[in-house]
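Below are the chains, spelled out letter by letter.
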Amino acid sequence: MLLLASDPLVKHLRDMTQMSDTPFEYHSATEWLDKLRTRQIGAVELLQMQLQRVAQHNPALNVVVAQDADHALAQARAADNVRTPTGALHGLSMTIKDTWEVTGMPTTCGFPFLAQHRPTADADAVARLKAAGAIVFGKTNTPVGAGDHQSYNPVYGCSNNPWNIAHTVGGSSGGAAGALAAGFTPLELGSDIGGSIRCPAHFCGVFGHKPSYGIVPMRGHIPAMPGALSSVELAVGGPMARSAADLALALDLLVAPSGQDSTAWRIALPPARHERLADFRVALWLDAPGFGLDDTYRDALLQFGEDLRREGVTVVDGARTVAPHIDAAASHALYAEMLFAIIGTGMPPPEIERLRQAGQGADAQSYAAWMARAVTLDHRGFDHLLEQRAHLMQAWQRVYTEVDLVLCPVMPTPAYPHDHSHDDLGALAQQHRRVMVNGQARPYLDGLQWPGLATLAQLPATALPLRQRVAGLPVGVQAMGPYLEDRTPLQFAQLVEQALGGFQAPL
(Lines give C-alpha, C1' and ligand atoms only; values in the text may rest on other atoms or scores of the structure.)
Protein backbone atom coordinates (compact mmCIF):
# COMPACT_ATOMS: atom_id res chain seq x y z
CA MET A 1 0.00 0.00 0.00
CA LEU A 2 1.57 3.25 -1.11
CA LEU A 3 -0.73 5.85 0.47
CA LEU A 4 0.36 7.82 3.49
CA ALA A 5 0.32 5.56 6.54
CA SER A 6 -1.62 8.18 8.55
CA ASP A 7 -4.49 8.30 6.07
CA PRO A 8 -7.68 6.70 7.52
CA LEU A 9 -8.38 5.26 4.07
CA VAL A 10 -5.23 3.15 4.37
CA LYS A 11 -6.44 1.43 7.55
CA HIS A 12 -9.84 0.73 6.03
CA LEU A 13 -8.37 -0.79 2.90
CA ARG A 14 -5.85 -2.83 4.86
CA ASP A 15 -8.66 -4.19 7.03
CA MET A 16 -10.46 -5.36 3.88
CA THR A 17 -7.38 -7.01 2.39
CA GLN A 18 -5.78 -8.52 5.47
CA MET A 19 -6.53 -12.03 4.19
CA SER A 20 -5.07 -11.31 0.75
CA ASP A 21 -1.47 -11.10 -0.41
CA THR A 22 -2.47 -8.50 -3.01
CA PRO A 23 -3.02 -4.89 -1.91
CA PHE A 24 -6.53 -3.62 -2.58
CA GLU A 25 -5.46 -1.14 -5.26
CA TYR A 26 -4.38 -4.09 -7.42
CA HIS A 27 -7.59 -6.09 -7.02
CA SER A 28 -9.79 -6.67 -10.05
CA ALA A 29 -12.75 -4.54 -11.08
CA THR A 30 -15.00 -7.47 -10.21
CA GLU A 31 -13.62 -7.51 -6.66
CA TRP A 32 -13.99 -3.73 -6.34
CA LEU A 33 -17.59 -3.98 -7.56
CA ASP A 34 -18.34 -6.66 -4.98
CA LYS A 35 -17.08 -4.33 -2.23
CA LEU A 36 -19.22 -1.52 -3.62
CA ARG A 37 -22.36 -3.66 -3.82
CA THR A 38 -21.94 -4.92 -0.25
CA ARG A 39 -21.19 -1.39 1.01
CA GLN A 40 -17.79 -2.41 2.35
CA ILE A 41 -16.47 0.62 0.51
CA GLY A 42 -18.16 3.64 -0.99
CA ALA A 43 -17.74 5.06 -4.47
CA VAL A 44 -16.30 8.28 -3.03
CA GLU A 45 -13.84 6.35 -0.89
CA LEU A 46 -12.75 4.27 -3.86
CA LEU A 47 -12.27 7.29 -6.11
CA GLN A 48 -10.31 9.15 -3.43
CA MET A 49 -7.93 6.19 -3.18
CA GLN A 50 -7.36 6.29 -6.94
CA LEU A 51 -6.87 10.05 -7.03
CA GLN A 52 -4.33 9.82 -4.21
CA ARG A 53 -2.40 7.08 -5.99
CA VAL A 54 -2.36 9.08 -9.22
CA ALA A 55 -1.17 12.19 -7.39
CA GLN A 56 1.63 10.26 -5.69
CA HIS A 57 2.88 7.98 -8.45
CA ASN A 58 1.78 9.41 -11.80
CA PRO A 59 4.53 12.08 -11.94
CA ALA A 60 7.07 9.29 -12.46
CA LEU A 61 4.90 7.38 -14.93
CA ASN A 62 2.90 10.03 -16.80
CA VAL A 63 0.18 7.59 -17.84
CA VAL A 64 -2.87 9.60 -16.68
CA VAL A 65 -2.77 12.84 -18.67
CA ALA A 66 -6.10 14.57 -17.92
CA GLN A 67 -8.57 14.46 -15.04
CA ASP A 68 -12.07 15.65 -14.14
CA ALA A 69 -11.90 14.94 -10.41
CA ASP A 70 -14.60 17.34 -9.22
CA HIS A 71 -17.25 15.98 -11.57
CA ALA A 72 -16.21 12.42 -10.82
CA LEU A 73 -16.49 13.01 -7.07
CA ALA A 74 -19.97 14.45 -7.56
CA GLN A 75 -20.96 11.34 -9.53
CA ALA A 76 -19.44 9.12 -6.84
CA ARG A 77 -21.44 10.88 -4.11
CA ALA A 78 -24.60 10.38 -6.17
CA ALA A 79 -23.75 6.70 -6.64
CA ASP A 80 -23.33 6.26 -2.88
CA ASN A 81 -26.78 7.75 -2.30
CA VAL A 82 -28.54 5.27 -4.58
CA ARG A 83 -30.01 2.29 -2.76
CA THR A 84 -30.17 0.01 -5.79
CA PRO A 85 -27.24 -0.18 -8.25
CA THR A 86 -28.09 1.32 -11.63
CA GLY A 87 -25.87 -1.01 -13.67
CA ALA A 88 -23.16 -3.62 -13.67
CA LEU A 89 -20.43 -0.98 -13.09
CA HIS A 90 -22.31 1.13 -10.55
CA GLY A 91 -19.88 3.37 -8.67
CA LEU A 92 -16.73 2.04 -10.35
CA SER A 93 -14.29 4.86 -11.16
CA MET A 94 -12.00 4.33 -14.14
CA THR A 95 -9.90 5.97 -16.82
CA ILE A 96 -10.33 6.01 -20.60
CA LYS A 97 -7.70 6.04 -23.35
CA ASP A 98 -7.29 9.50 -24.87
CA THR A 99 -8.52 8.38 -28.27
CA TRP A 100 -12.13 8.15 -27.04
CA GLU A 101 -14.25 11.26 -26.71
CA VAL A 102 -15.33 11.87 -23.10
CA THR A 103 -17.23 14.95 -22.00
CA GLY A 104 -15.57 17.14 -19.38
CA MET A 105 -12.03 16.38 -20.55
CA PRO A 106 -9.98 17.01 -23.70
CA THR A 107 -9.66 14.28 -26.31
CA THR A 108 -6.45 14.82 -28.26
CA CYS A 109 -5.13 11.46 -29.48
CA GLY A 110 -1.75 13.15 -29.02
CA PHE A 111 -2.39 15.70 -31.81
CA PRO A 112 -1.34 19.26 -30.90
CA PHE A 113 -4.14 20.68 -33.08
CA LEU A 114 -6.67 18.81 -30.88
CA ALA A 115 -5.16 19.93 -27.57
CA GLN A 116 -8.22 22.09 -26.88
CA HIS A 117 -10.79 19.67 -28.30
CA ARG A 118 -13.49 19.16 -25.68
CA PRO A 119 -16.24 16.87 -26.94
CA THR A 120 -19.88 17.76 -26.38
CA ALA A 121 -20.89 14.08 -26.39
CA ASP A 122 -19.33 10.83 -25.24
CA ALA A 123 -18.13 8.22 -27.72
CA ASP A 124 -20.75 5.49 -28.08
CA ALA A 125 -18.60 2.90 -26.27
CA VAL A 126 -17.89 5.36 -23.43
CA ALA A 127 -21.60 6.11 -23.15
CA ARG A 128 -22.33 2.40 -22.75
CA LEU A 129 -19.86 2.12 -19.86
CA LYS A 130 -21.29 5.21 -18.21
CA ALA A 131 -24.85 3.89 -18.65
CA ALA A 132 -23.71 0.81 -16.71
CA GLY A 133 -22.66 3.06 -13.82
CA ALA A 134 -18.97 3.69 -14.53
CA ILE A 135 -17.46 6.99 -13.38
CA VAL A 136 -14.73 8.29 -15.69
CA PHE A 137 -12.22 10.43 -13.80
CA GLY A 138 -9.25 10.56 -16.17
CA LYS A 139 -7.74 10.05 -19.61
CA THR A 140 -4.65 7.96 -20.39
CA ASN A 141 -1.82 8.65 -22.79
CA THR A 142 -1.39 7.49 -26.37
CA PRO A 143 1.04 8.12 -29.25
CA VAL A 144 0.28 10.71 -31.89
CA GLY A 145 -2.66 9.47 -33.94
CA ALA A 146 -2.59 6.18 -32.00
CA GLY A 147 0.09 5.17 -34.48
CA ASP A 148 3.03 3.73 -32.55
CA HIS A 149 4.01 0.94 -30.19
CA GLN A 150 5.28 3.59 -27.79
CA SER A 151 3.06 6.14 -26.03
CA TYR A 152 4.47 9.64 -26.29
CA ASN A 153 3.31 12.82 -28.00
CA PRO A 154 3.92 16.60 -28.11
CA VAL A 155 0.80 17.31 -26.01
CA TYR A 156 1.46 15.16 -22.94
CA GLY A 157 4.96 13.77 -23.27
CA CYS A 158 6.17 10.22 -22.67
CA SER A 159 4.60 7.46 -20.57
CA ASN A 160 6.89 5.15 -18.58
CA ASN A 161 6.46 1.48 -17.77
CA PRO A 162 5.66 0.78 -14.08
CA TRP A 163 7.99 -2.25 -14.24
CA ASN A 164 10.94 -0.15 -15.45
CA ILE A 165 10.50 3.54 -16.18
CA ALA A 166 13.31 3.42 -18.74
CA HIS A 167 11.10 1.20 -20.89
CA THR A 168 7.96 1.93 -22.90
CA VAL A 169 4.43 1.03 -21.79
CA GLY A 170 3.67 0.10 -25.39
CA GLY A 171 1.11 1.62 -27.69
CA SER A 172 -1.20 2.80 -28.61
CA SER A 173 -3.18 1.95 -25.46
CA GLY A 174 0.04 2.38 -23.46
CA GLY A 175 -1.22 4.84 -20.87
CA ALA A 176 -4.18 2.55 -20.30
CA ALA A 177 -2.02 -0.51 -19.63
CA GLY A 178 0.36 1.50 -17.45
CA ALA A 179 -2.52 2.87 -15.37
CA LEU A 180 -3.85 -0.64 -14.83
CA ALA A 181 -0.45 -2.01 -13.83
CA ALA A 182 0.12 0.89 -11.44
CA GLY A 183 -3.19 0.38 -9.64
CA PHE A 184 -4.64 3.71 -10.83
CA THR A 185 -7.70 2.22 -12.52
CA PRO A 186 -9.43 -1.20 -12.44
CA LEU A 187 -10.71 -1.08 -16.02
CA GLU A 188 -9.86 0.64 -19.29
CA LEU A 189 -11.26 1.11 -22.76
CA GLY A 190 -8.56 0.64 -25.37
CA SER A 191 -8.51 0.39 -29.15
CA ASP A 192 -6.54 -1.73 -31.58
CA ILE A 193 -5.58 -1.66 -35.25
CA GLY A 194 -1.92 -2.68 -35.01
CA GLY A 195 -1.80 -4.56 -31.71
CA SER A 196 -2.67 -1.43 -29.75
CA ILE A 197 -4.49 -3.30 -26.96
CA ARG A 198 -2.38 -6.45 -26.96
CA CYS A 199 1.10 -4.86 -27.17
CA PRO A 200 0.65 -2.66 -24.05
CA ALA A 201 -1.04 -5.50 -22.15
CA HIS A 202 1.98 -7.69 -22.93
CA PHE A 203 4.49 -4.95 -22.04
CA CYS A 204 2.79 -4.10 -18.72
CA GLY A 205 1.59 -7.53 -17.57
CA VAL A 206 -2.17 -6.95 -17.78
CA PHE A 207 -5.09 -8.40 -19.75
CA GLY A 208 -6.55 -7.00 -22.96
CA HIS A 209 -9.10 -8.15 -25.52
CA LYS A 210 -9.17 -7.21 -29.20
CA PRO A 211 -12.72 -8.05 -30.25
CA SER A 212 -13.88 -9.41 -33.57
CA TYR A 213 -14.22 -6.55 -36.00
CA GLY A 214 -17.49 -4.62 -35.90
CA ILE A 215 -19.02 -5.72 -32.60
CA VAL A 216 -18.08 -2.63 -30.53
CA PRO A 217 -19.30 0.75 -31.82
CA MET A 218 -16.44 3.10 -32.75
CA ARG A 219 -18.21 6.46 -33.22
CA GLY A 220 -16.36 9.04 -31.15
CA HIS A 221 -12.96 7.41 -31.52
CA ILE A 222 -10.00 9.36 -32.91
CA PRO A 223 -8.94 8.44 -35.56
CA ALA A 224 -11.15 9.14 -37.47
CA MET A 225 -11.40 12.87 -36.86
CA PRO A 226 -14.07 14.40 -34.58
CA GLY A 227 -17.51 14.27 -36.15
CA ALA A 228 -16.82 11.27 -38.39
CA LEU A 229 -19.57 8.64 -38.57
CA SER A 230 -18.03 5.96 -40.79
CA SER A 231 -16.04 3.08 -39.32
CA VAL A 232 -12.32 2.67 -39.92
CA GLU A 233 -11.43 -0.66 -41.53
CA LEU A 234 -9.55 -3.05 -39.18
CA ALA A 235 -9.98 -0.76 -36.13
CA VAL A 236 -11.72 -2.09 -33.02
CA GLY A 237 -12.33 -0.99 -29.45
CA GLY A 238 -12.04 -3.32 -26.49
CA PRO A 239 -11.53 -3.68 -22.75
CA MET A 240 -8.31 -3.87 -20.74
CA ALA A 241 -8.12 -4.98 -17.12
CA ARG A 242 -6.20 -6.79 -14.39
CA SER A 243 -8.31 -9.94 -14.73
CA ALA A 244 -9.88 -11.91 -17.55
CA ALA A 245 -13.26 -11.90 -15.81
CA ASP A 246 -13.23 -8.11 -16.00
CA LEU A 247 -12.66 -8.30 -19.76
CA ALA A 248 -15.72 -10.52 -20.16
CA LEU A 249 -17.82 -8.24 -17.96
CA ALA A 250 -16.84 -5.12 -19.92
CA LEU A 251 -17.20 -6.71 -23.35
CA ASP A 252 -20.77 -7.73 -22.56
CA LEU A 253 -21.51 -4.05 -21.91
CA LEU A 254 -19.67 -2.78 -24.98
CA VAL A 255 -21.04 -5.10 -27.67
CA ALA A 256 -23.72 -3.40 -29.74
CA PRO A 257 -24.57 -2.53 -33.34
CA SER A 258 -23.25 0.80 -34.54
CA GLY A 259 -25.41 3.84 -35.17
CA GLN A 260 -28.51 3.28 -37.28
CA ASP A 261 -27.83 -0.47 -37.45
CA SER A 262 -29.37 -0.75 -33.98
CA THR A 263 -32.81 -0.21 -35.57
CA ALA A 264 -32.84 -3.80 -36.78
CA TRP A 265 -29.60 -5.55 -35.93
CA ARG A 266 -28.72 -7.40 -32.77
CA ILE A 267 -25.42 -9.03 -31.82
CA ALA A 268 -25.65 -12.38 -30.04
CA LEU A 269 -22.17 -13.78 -29.49
CA PRO A 270 -22.14 -17.58 -29.14
CA PRO A 271 -21.09 -19.13 -25.83
CA ALA A 272 -17.53 -20.29 -25.24
CA ARG A 273 -16.73 -23.66 -26.78
CA HIS A 274 -15.75 -25.17 -23.43
CA GLU A 275 -16.27 -24.61 -19.72
CA ARG A 276 -13.28 -26.66 -18.52
CA LEU A 277 -9.65 -25.84 -19.29
CA ALA A 278 -8.82 -29.50 -19.98
CA ASP A 279 -11.37 -29.59 -22.81
CA PHE A 280 -9.54 -26.99 -24.89
CA ARG A 281 -7.46 -27.94 -27.91
CA VAL A 282 -4.97 -25.20 -28.79
CA ALA A 283 -2.19 -24.66 -31.30
CA LEU A 284 1.02 -23.04 -30.09
CA TRP A 285 2.47 -21.11 -33.04
CA LEU A 286 6.01 -19.82 -32.47
CA ASP A 287 7.75 -20.43 -35.78
CA ALA A 288 6.24 -18.21 -38.48
CA PRO A 289 8.95 -17.78 -41.16
CA GLY A 290 10.49 -14.33 -41.03
CA PHE A 291 8.71 -13.35 -37.84
CA GLY A 292 10.89 -12.06 -35.02
CA LEU A 293 10.85 -13.74 -31.60
CA ASP A 294 13.48 -13.38 -28.90
CA ASP A 295 14.66 -16.75 -27.56
CA THR A 296 14.10 -15.79 -23.90
CA TYR A 297 10.48 -14.93 -24.68
CA ARG A 298 10.12 -18.10 -26.74
CA ASP A 299 11.30 -20.12 -23.73
CA ALA A 300 8.60 -18.51 -21.57
CA LEU A 301 5.96 -19.39 -24.16
CA LEU A 302 7.20 -22.98 -24.40
CA GLN A 303 7.01 -23.23 -20.62
CA PHE A 304 3.44 -21.91 -20.81
CA GLY A 305 2.65 -24.69 -23.27
CA GLU A 306 4.01 -27.27 -20.83
CA ASP A 307 1.98 -25.73 -18.01
CA LEU A 308 -1.14 -26.09 -20.13
CA ARG A 309 -0.38 -29.72 -20.89
CA ARG A 310 -0.10 -30.41 -17.17
CA GLU A 311 -3.58 -28.93 -16.79
CA GLY A 312 -4.90 -31.36 -19.38
CA VAL A 313 -5.04 -28.98 -22.36
CA THR A 314 -4.28 -30.52 -25.74
CA VAL A 315 -1.42 -28.42 -27.16
CA VAL A 316 -0.32 -29.03 -30.74
CA ASP A 317 2.26 -27.38 -32.97
CA GLY A 318 0.52 -24.54 -34.76
CA ALA A 319 2.25 -24.14 -38.09
CA ARG A 320 2.81 -27.76 -39.11
CA THR A 321 -0.32 -29.36 -37.70
CA VAL A 322 -3.32 -27.08 -38.09
CA ALA A 323 -2.25 -24.06 -40.12
CA PRO A 324 -0.06 -25.25 -43.00
CA HIS A 325 -2.31 -23.35 -45.41
CA ILE A 326 -1.82 -20.01 -43.59
CA ASP A 327 1.14 -18.23 -45.17
CA ALA A 328 2.26 -15.93 -42.36
CA ALA A 329 4.63 -13.91 -44.54
CA ALA A 330 1.95 -13.31 -47.19
CA SER A 331 -0.55 -12.43 -44.46
CA HIS A 332 1.85 -9.87 -43.01
CA ALA A 333 2.51 -8.28 -46.40
CA LEU A 334 -1.22 -8.00 -47.07
CA TYR A 335 -1.84 -6.60 -43.60
CA ALA A 336 0.94 -4.04 -43.92
CA GLU A 337 -0.39 -2.70 -47.21
CA MET A 338 -3.97 -2.54 -45.92
CA LEU A 339 -2.95 -0.92 -42.63
CA PHE A 340 -0.76 1.72 -44.26
CA ALA A 341 -3.46 2.44 -46.86
CA ILE A 342 -5.93 3.10 -44.04
CA ILE A 343 -3.47 5.27 -42.14
CA GLY A 344 -2.56 7.11 -45.34
CA THR A 345 -6.12 8.38 -45.84
CA GLY A 346 -5.54 10.90 -43.05
CA MET A 347 -2.08 12.03 -44.12
CA PRO A 348 -1.43 15.43 -45.72
CA PRO A 349 -0.14 15.33 -49.34
CA PRO A 350 3.46 16.33 -48.43
CA GLU A 351 3.70 13.39 -46.01
CA ILE A 352 2.37 11.00 -48.63
CA GLU A 353 4.93 12.30 -51.13
CA ARG A 354 7.77 11.71 -48.62
CA LEU A 355 6.64 8.11 -48.16
CA ARG A 356 6.31 7.59 -51.91
CA GLN A 357 9.83 8.87 -52.52
CA ALA A 358 11.26 6.77 -49.68
CA GLY A 359 9.83 3.65 -51.29
CA GLN A 360 11.39 4.22 -54.70
CA GLY A 361 13.98 1.56 -55.39
CA ALA A 362 13.31 -0.22 -52.08
CA ASP A 363 12.94 -3.99 -51.79
CA ALA A 364 9.39 -4.89 -52.84
CA GLN A 365 8.86 -6.74 -49.53
CA SER A 366 10.14 -3.93 -47.30
CA TYR A 367 8.15 -1.56 -45.13
CA ALA A 368 9.31 1.35 -47.28
CA ALA A 369 7.83 -0.27 -50.39
CA TRP A 370 4.63 -1.37 -48.65
CA MET A 371 4.07 2.15 -47.30
CA ALA A 372 4.79 3.79 -50.65
CA ARG A 373 2.34 1.53 -52.49
CA ALA A 374 -0.31 1.73 -49.79
CA VAL A 375 -0.55 5.50 -49.40
CA THR A 376 -0.94 5.92 -53.17
CA LEU A 377 -3.39 3.04 -53.63
CA ASP A 378 -6.57 3.73 -55.61
CA HIS A 379 -10.02 2.33 -54.80
CA ARG A 380 -9.64 -0.60 -57.19
CA GLY A 381 -6.37 -1.55 -55.53
CA PHE A 382 -7.88 -1.43 -52.06
CA ASP A 383 -10.82 -3.58 -53.19
CA HIS A 384 -8.27 -6.14 -54.38
CA LEU A 385 -6.75 -6.19 -50.88
CA LEU A 386 -10.20 -6.71 -49.38
CA GLU A 387 -10.82 -9.70 -51.64
CA GLN A 388 -7.49 -11.26 -50.62
CA ARG A 389 -8.42 -10.69 -46.99
CA ALA A 390 -11.77 -12.46 -47.50
CA HIS A 391 -9.97 -15.57 -48.76
CA LEU A 392 -7.62 -15.45 -45.79
CA MET A 393 -10.55 -15.26 -43.37
CA GLN A 394 -12.01 -18.35 -44.99
CA ALA A 395 -8.66 -20.15 -44.58
CA TRP A 396 -8.69 -19.30 -40.86
CA GLN A 397 -12.13 -20.89 -40.51
CA ARG A 398 -10.54 -24.22 -41.45
CA VAL A 399 -8.00 -23.80 -38.64
CA TYR A 400 -10.78 -23.59 -36.08
CA THR A 401 -12.28 -26.87 -37.16
CA GLU A 402 -9.08 -28.46 -35.82
CA VAL A 403 -8.44 -26.37 -32.69
CA ASP A 404 -10.33 -23.95 -30.48
CA LEU A 405 -7.57 -21.35 -30.22
CA VAL A 406 -4.23 -20.41 -31.71
CA LEU A 407 -1.69 -19.20 -29.14
CA CYS A 408 1.19 -17.06 -30.33
CA PRO A 409 3.50 -14.25 -29.19
CA VAL A 410 2.20 -10.72 -28.90
CA MET A 411 5.41 -8.94 -29.93
CA PRO A 412 8.96 -10.09 -30.75
CA THR A 413 10.30 -9.03 -27.32
CA PRO A 414 9.27 -7.75 -23.89
CA ALA A 415 8.99 -3.98 -23.42
CA TYR A 416 12.02 -2.25 -24.89
CA PRO A 417 13.74 0.99 -23.82
CA HIS A 418 12.28 4.29 -25.01
CA ASP A 419 13.31 5.15 -28.56
CA HIS A 420 12.14 8.48 -29.95
CA SER A 421 14.82 8.67 -32.62
CA HIS A 422 14.17 10.16 -36.07
CA ASP A 423 11.04 11.99 -34.88
CA ASP A 424 11.82 14.80 -37.29
CA LEU A 425 11.00 12.39 -40.14
CA GLY A 426 7.32 12.11 -39.24
CA ALA A 427 5.72 8.92 -40.59
CA LEU A 428 9.14 7.79 -41.84
CA ALA A 429 10.58 7.65 -38.31
CA GLN A 430 9.46 4.09 -37.60
CA GLN A 431 11.12 2.87 -40.80
CA HIS A 432 14.48 3.96 -39.38
CA ARG A 433 14.17 2.53 -35.86
CA ARG A 434 15.40 -0.92 -34.86
CA VAL A 435 14.59 -3.39 -32.08
CA MET A 436 17.13 -5.88 -30.79
CA VAL A 437 15.97 -9.51 -31.09
CA ASN A 438 18.47 -12.19 -30.07
CA GLY A 439 21.24 -9.63 -30.34
CA GLN A 440 20.34 -8.70 -33.91
CA ALA A 441 18.76 -5.42 -35.04
CA ARG A 442 15.39 -5.96 -36.68
CA PRO A 443 12.96 -3.44 -38.18
CA TYR A 444 10.96 -1.62 -35.52
CA LEU A 445 7.79 -2.22 -37.54
CA ASP A 446 8.21 -5.98 -37.12
CA GLY A 447 6.17 -5.32 -34.00
CA LEU A 448 3.18 -5.51 -36.34
CA GLN A 449 3.88 -9.12 -37.36
CA TRP A 450 2.36 -11.22 -34.58
CA PRO A 451 -0.62 -9.00 -33.71
CA GLY A 452 -1.38 -8.49 -37.41
CA LEU A 453 -2.33 -12.15 -37.84
CA ALA A 454 -5.52 -11.62 -35.85
CA THR A 455 -6.16 -8.05 -36.96
CA LEU A 456 -6.15 -8.79 -40.67
CA ALA A 457 -8.44 -11.81 -40.33
CA GLN A 458 -10.76 -9.88 -37.96
CA LEU A 459 -10.29 -12.53 -35.28
CA PRO A 460 -10.83 -11.96 -31.55
CA ALA A 461 -7.60 -12.12 -29.58
CA THR A 462 -7.14 -12.01 -25.82
CA ALA A 463 -3.75 -11.03 -24.41
CA LEU A 464 -3.03 -12.61 -21.03
CA PRO A 465 0.10 -12.33 -18.87
CA LEU A 466 2.39 -15.29 -18.26
CA ARG A 467 3.73 -16.00 -14.80
CA GLN A 468 7.28 -16.09 -16.20
CA ARG A 469 9.32 -12.90 -16.38
CA VAL A 470 11.94 -12.08 -19.01
CA ALA A 471 14.79 -9.85 -17.81
CA GLY A 472 12.55 -8.73 -14.97
CA LEU A 473 9.76 -7.63 -17.33
CA PRO A 474 6.32 -9.17 -17.86
CA VAL A 475 5.41 -11.01 -21.04
CA GLY A 476 2.11 -12.26 -22.38
CA VAL A 477 0.53 -14.52 -24.96
CA GLN A 478 -2.32 -13.83 -27.34
CA ALA A 479 -5.10 -16.38 -27.65
CA MET A 480 -6.68 -15.96 -31.09
CA GLY A 481 -10.18 -17.35 -31.43
CA PRO A 482 -12.61 -17.95 -34.31
CA TYR A 483 -14.32 -14.92 -35.84
CA LEU A 484 -17.22 -13.73 -33.63
CA GLU A 485 -16.47 -16.40 -31.01
CA ASP A 486 -15.00 -13.86 -28.59
CA ARG A 487 -16.26 -15.73 -25.55
CA THR A 488 -13.95 -18.66 -26.34
CA PRO A 489 -10.58 -16.87 -25.84
CA LEU A 490 -12.09 -14.91 -22.93
CA GLN A 491 -13.20 -18.11 -21.21
CA PHE A 492 -9.81 -19.69 -21.85
CA ALA A 493 -8.07 -16.68 -20.31
CA GLN A 494 -10.26 -16.88 -17.21
CA LEU A 495 -9.57 -20.59 -16.77
CA VAL A 496 -5.82 -20.09 -17.27
CA GLU A 497 -5.85 -17.30 -14.70
CA GLN A 498 -7.56 -19.57 -12.18
CA ALA A 499 -5.17 -22.45 -12.82
CA LEU A 500 -1.83 -20.70 -13.36
CA GLY A 501 -2.26 -17.20 -12.00
CA GLY A 502 -2.66 -13.86 -13.73
CA PHE A 503 -1.75 -10.26 -13.00
CA GLN A 504 1.19 -9.58 -10.72
CA ALA A 505 1.89 -6.14 -9.32
CA PRO A 506 5.10 -4.46 -10.59
CA LEU A 507 8.11 -5.41 -8.50
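Conventions adopted
- Residues numbered from 1 in each chain as written.
- Predicted model: local features only at pLDDT ≥ 70, side-chain atom pairs only at ≥ 80, totals over all residues.
- Heavy atoms only, no water.
- Buried < 20%, exposed > 50% of the residue type's maximum accessible area, 1.4 Å probe, protein only.
- Helix = DSSP H or I, 4+ residues; strand = E, 2+ residues; numbered from the N terminus.
- Arc of directions from axis to C-beta.
- Polar contact = N/O pair within 3.5 Å; in protein donor to acceptor, adjacent residues only side chain to side chain.
- Contact = heavy atoms within 4.5 Å.
- Pairing = 2+ DSSP bridges.
- pLDDT = per-residue confidence, 0-100.
- Phe/Tyr/Trp six-rings, centres within 6.5 Å; stacked < 30°, edge-to-face > 60°.
- Lys NZ or Arg CZ within 6 Å of the ring centre and 35° of its normal.
- Salt bridge = Lys/Arg side-chain N within 4 Å of Asp/Glu carboxyl O.
- Axes fitted to C-alpha atoms, helices over the stretch in contact; angles between N-to-C directions.
- Parallel < 35°, antiparallel > 145°, perpendicular 65-115°, else oblique.
- Nonpolar A, V, L, I, M, F, W, Y, C, P; charged D, E, K, R; others polar.

## Concerning helix H2 (residues 29-37)
Those residues of H2 that fall on the buried side of the exposure criterion are Ala 29, Trp 32, Leu 33, Lys 35 and Leu 36. Down the axis of H2, the buried set is contained in an arc of 160°. They therefore lie on one face. Positive phi shows up at Arg 39, right after H2, with a value of about 60°.

## Details of the side chain of Thr 142
Looking at the secondary structure, you find Thr 142 in the loop between strand E3 (135-140) and strand E4 (152-153). At 3.1 Å, the side chain of Thr 142 forms a polar contact with the backbone oxygen of Ser 172. Discounting residues that sit within four places of it in the chain, Thr 142 has contacts with Lys 97, Asp 98, Thr 99, Cys 109, Gly 110, Ser 151, Tyr 152, Asn 153 and Ser 172.

## Remarks on the pairing of strand E9 (residues 207-210)
Of the two faces of E9, the one holding Phe 207 and His 209 and the one holding Gly 208 and Lys 210 are both buried throughout. Relative to strand E10 (residues 236-241), E9 runs antiparallel, the two sharing two bridges. Bridge assignment links Phe 207 to a residue of E10, and that residue is Ala 241. Alignment of E9 against strand E16 (residues 461-470), held across three bridges, turns out to be antiparallel. Its bridge partner lying in E16, Lys 210 is registered against Ala 461.

## Comments concerning the confidence of the model for the protein
Averaged over every residue, the pLDDT of the protein is 95; residues scoring 70 or more account for 96%. Throughout residues 1-6 the model reports pLDDT below 50, and contacts reaching past four residues in sequence, or to other chains, amount to 18 contacts.

## Quick notes on the packing of aromatic side chains
This model, assessed by the stated rule, comprises ten aromatic pairs. Ring centres 6.2 Å apart and planes at 50° place the aromatic pair Trp 285 and Trp 396 in the tilted group. Placement of Trp 285 in the loop between strand E11 (281-284) and helix H9 (295-310) and of Trp 396 in helix H14 (residues 379-402) is noted, with a sequence separation of 111 residues between them. Residue Trp 285 is classed as buried on the basis of its relative accessible area of 1%. Classification of Trp 396 by relative accessible area gives buried; the value is 0%. Cluster of aromatic residues (ring-pair linked, three or more members): Phe 203, Tyr 416 and Tyr 444. Over the aromatic face of Tyr 26 sits the side chain of Arg 53, whose NZ or CZ is 5.5 Å from the ring centroid.

## Description of the pattern of salt bridges
Under the defined criterion, the tally for this structure stands at 20 salt bridges. Among the ionic pairs, Asp 192 bridges to Arg 198, the shortest N-O distance being 2.9 Å. Of the residues examined, Asp 192 reaches a relative accessible area of 2% and is grouped as buried. Residue Glu 233 is joined to Arg 389 by a salt bridge in which the shortest nitrogen-to-oxygen separation is 2.6 Å.

## Quick word on the sheet that holds E9
Either a parallel or an antiparallel arrangement is found when strands of a sheet pair, and the pairing is made through backbone hydrogen bonds. Read across the sheet, eight strands follow the order E8-E10-E9-E16-E17-E13-E11-E12 without closing on themselves; strand pairing throughout is mixed. Both edges of this open sheet fall to strand E8 (187-192) and strand E12 (314-317), since each of them pairs with a single strand only. Neighbouring strand axes in the sheet, compared pairwise and without regard to direction, differ in orientation by 30° on average. The strands touched by helix H8 (residues 244-254) are E8, E9, E10 and E16; relative to E10, the strand with the most contacts, the crossing angle is about 145°.

## Side note on unusual backbone geometry
Omega for the peptide link from Ile 222 to Pro 223 comes to -10°, which places this bond in the cis form. Within the secondary structure, Pro 223 is located in the loop between E9 and E10. Here Pro 223 and Ala 224 are connected by a cis peptide whose omega angle stands at 5°. Mapped onto the elements of the fold, Ala 224 is located in the loop between E9 and E10.

## Some words on the packing of H8 against helix H17 (residues 487-500)
Remark: H8 packs on H17, axes separated minimally by 8 Å, with the N-to-C direction vectors making an angle of 155°. One element, H8, and the other, H17, form an angle in the roughly antiparallel class. Residues Ala 244, Ala 245, Leu 247, Ala 248, Leu 251 and Asp 252 of H8 form the contact with H17, whose participating residues are Arg 487, Leu 490, Ala 493, Gln 494 and Glu 497. For the contact of H8 with H17, the residue count by class is seven nonpolar, one polar and three charged.

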